[in-house]
Amino acid sequence: MGVAFSPSCLQSSMSPLQLRSELFVLDTPPRHGLPGLKMTAKRYYTPFSDPQGLTLLCAHGVGSHKEHWEPMLRYLFSHQNLEQSPSRIREAWCLDWLNHGDAAVINKAALEHRPPGDVSIAEWAAAIASFVTSPFLREHRLVGFGHSAGSSAIILSTRAFPLRNQPFIAVFLLEPSMLTRELWMSHLLERETLIRRSMSATLRRRDVFDTWEEAANHYRQRKPWAGYDHDVFDVFKQHGFHSVVIQNGSKEETKVALKCDIHHEALAYQDIESHFEATDQYTRLCHVVPVHIVFGTIYDYVPSYFQDCMTDVSQGRSPASVKRVHGAGHGILQQTPEALARAVSVGLNSITRNATSHLLHRL
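Residues numbered from 1 in each chain as written. Predicted model: local features only at pLDDT ≥ 70, side-chain atom pairs only at ≥ 80, totals over all residues. Heavy atoms only, no water.

### Thoughts on the packing of aromatic side chains
Piece 1. Counted by the stated rule, this structure contains 21 aromatic pairs.
Piece 2. Ring centres of Y219 and F236 lie 5.6 Å apart, and the angle between their planes is 80°; on these two criteria the pair is classed as edge-to-face. Of the two residues, Y219 is situated in helix α8 (residues 212-220) and F236 in helix α9 (residues 230-239); the sequence distance between them amounts to 17 residues.
Piece 3. Note on Y219: relative accessible area 1%, which makes it buried.
Piece 4. A relative accessible area of 4% places F236 in the buried class.
Piece 5. Pairwise contacts between aromatic rings join F209, W212, Y219, W225, Y228, F233, F236 and F241 into one cluster. (Phe/Tyr/Trp six-rings, centres within 6.5 Å; stacked < 30°, edge-to-face > 60°. Helix = DSSP H or I, 4+ residues; strand = E, 2+ residues; numbered from the N terminus. Buried < 20%, exposed > 50% of the residue type's maximum accessible area, 1.4 Å probe, protein only.)

### Examining the nonpolar core
Piece 1. By size, the foremost hydrophobic cluster in this structure holds 44 residues, and its most contacted members are M39, L57, W124, I128, L173 and Y282.
Piece 2. Of the residues forming this core, the biggest block, eight residues, is contributed by helix α4 (residues 121-132).
Piece 3. Those residues in contact with Y282, other than ones at most four positions away along the chain, are I155, L173, M178, V291, I293, M310, R317, S318 and P319.
Piece 4. Within the second largest apolar cluster, 31 residues are counted, among which are L73, V325, L333 and V344. (Core = buried A, V, L, I, M, F, W, Y, C linked by side-chain atoms within 4.5 Å. Contact = heavy atoms within 4.5 Å.)

### A closer look at unusual backbone geometry
Piece 1. A cis amide bond links K223 to the next residue, P224, at an omega of 0°.
Piece 2. The residue P224 is located in the loop between α8 and α9 in this model.
Piece 3. Of note in this structure, E139 is not a glycine but carries a positive phi near 65°.
Piece 4. The residue E139 is located in the loop between α4 and β6 (141-147) in this model.
Piece 5. Even without glycine at this site, S148 takes up a positive phi of about 55°.
Piece 6. Among the residues examined, S148 registers a relative accessible area of 9% and is labelled buried.

### A look at helix α1 (residues 70-80)
Piece 1. Burial runs high along α1: 11 of the 11 residues are buried.
Piece 2. Of the residues making up α1, those classed as buried are E70, P71, M72, L73, R74, Y75, L76, F77, S78, H79 and Q80.
Piece 3. Residues of α1 that are buried in the fold lie against β3 (39-45), β4 (54-59), β5 (89-95), α9, α13 (332-335) and α14 (337-348).

### What to know about the layout of surface pockets
Rolled over the atoms, a probe sized like a water molecule indicates the empty space that remains.
Piece 1. Volume-wise, the largest pocket comes out at about 1,200 Å³.
Piece 2. Around the largest pocket sit 45 residues that line it, and V62, P224, Y269, Y301 and H330 are the ones nearest its centre.
Piece 3. Elements with a contribution of two residues or more to the lining of the largest pocket: α7 (188-204), α9, α11 (272-285) and α13.
Piece 4. No other element matches the seven residues that α7 contributes to the lining of the largest pocket. (1 Å grid on protein atoms, 1.4 Å probe; cavity = no way out; pocket = protein on both sides within 12 Å on 5 of 7 lines; lining within 4 Å. Points joined across faces, edges and corners; volume = space filled by probe spheres on them.)

### Points about the packing of α1 against α14
Piece 1. Running from amino to carboxyl end, α1 crosses α14 at an angle of 45°, the nearest separation of the two axes being 8 Å. Between α1 and α14, the crossing angle belongs to the class labelled oblique. Here α1 runs over α14; the crossing is right-handed. Contact residues: α1 offers P71, M72, Y75, L76, H79 and Q80, while α14 offers P337, E338, L340, A341, R342, V344, S345 and L348.
Piece 2. When the residues that make up the contact of α1 with α14 are grouped by side-chain class, the tally is nine nonpolar, three polar and two charged. (Axes fitted to C-alpha atoms, helices over the stretch in contact; angles between N-to-C directions. Parallel < 35°, antiparallel > 145°, perpendicular 65-115°, else oblique. Left-handed = near helix turned anticlockwise from the far one by under 90°. Nonpolar A, V, L, I, M, F, W, Y, C, P; charged D, E, K, R; others polar.)

### Details of the sheet that holds strand β9 (residues 241-248)
Sheet strands pair by backbone hydrogen bonding; their relative direction is either parallel or antiparallel.
Piece 1. Spatially, β8-β10-β9 is the arrangement adopted by the three strands of the open sheet, whose pairing is antiparallel. With one partner strand each, in any of the chains shown, β8 (208-209) and β9 form the two edges of the open sheet.
Piece 2. Judged from the eight bridges that link them, β9 and strand β10 (residues 251-258) form a sheet pairing that is antiparallel. Of the residues in β10, the one forming a bridge with H242 is A257.
Piece 3. Lying over the sheet, α8 contacts β8, β9 and β10, oriented at roughly 115° with respect to β9. (Pairing = 2+ DSSP bridges.)

### Brief notes about the packing of α1 against α9
Piece 1. For the pair α1 and α9, the least separation of the axes is 8 Å and the interaxial angle reads 130°. The orientation of α1 relative to α9 falls into the category oblique. Mapping the contact onto sequence places E70, P71 and R74 in α1 and D231, V232, V235 and H239 in α9.

### Remarks on the pairing of β4
Piece 1. Judged by how many residues are buried, β4 sits mostly within the fold: six of six residues are covered.
Piece 2. Residues L54, L56 and C58 line one face of β4 and the alternating positions T55, L57 and A59 line the opposite face, and both faces are buried.
Piece 3. Where β4 meets β5, six bridges bridge the pair, whose relative direction is parallel. Directly across from L57, in β5, lies its bridge partner W93.
Piece 4. Taken together, the six bridges between β4 and β6 define a ladder with parallel strand orientation.

This is the structure we're talking about:
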């Protein structure tokens, strides 16, 4: 049984806090003897951030980008930093998948030499694991956050460390896309049909426009963007597009395009092996690190058996807590950032002052 949170009852309970941010371009581990792609990250903080507080590490889902975390983080920082507490937030780092967001723009030339779909969740996880051990995070009290496919990335990043020497003192999975291979095979037709539909819809999507306003108006009327919280949509409008120069005959024209190539996005849906591996790792990890899960109450993209799988105690999958946000579906981060922040804060408040990762003592 989980605690449910309704967006309607939270209208006056939290006030968003304006955050400061810094953009970073990070190196990632070599792959097959070639230099790794770049990973872009944003560090969010306030002038009043507690140096003894928590550092959140956030990974987004397919077709999203790091800035989608901003509206939820504004509420979360505001709520957690109101009172003296071991769960006050020091800073949050939001990371782009290596072919999404700003990383897609920076890695454009390198990605042209790799087939779409080649940048797996596992490769992103390795980049996250490398960042965890960097000087940026030395002696930080780390809490991992993943939404959708980002949940698998955060979980898979923990494979780089011995099970009892983990970098995170807690992990939060928001609408995870994780499932066992056995359950996937038992629902094979349904799952393959949904993947084909998701890929087809992505590849049919218009991705180049004459102006920023035209791009925003186009997506505002279509799912899933029509269901976004207005602050999240503003973030998508501001950070999801970039200017491109297109050759039109003998003339060059400046257009507006999605940062993430639709072919890379579409083929990301096929990376089911990473989700299987993440489920296996989660089953091991939850016995040594508190793993909190937040689900929506609308079964749109992820059916109920995904949730049942993640909470199946008989199979050793024992989350530290399970929360549900009313009115949210798989796009919980985009649809209900305030209610999501409230649900997450309950888990954060369970972290004690002396909670430190095993890895922290060795750095």
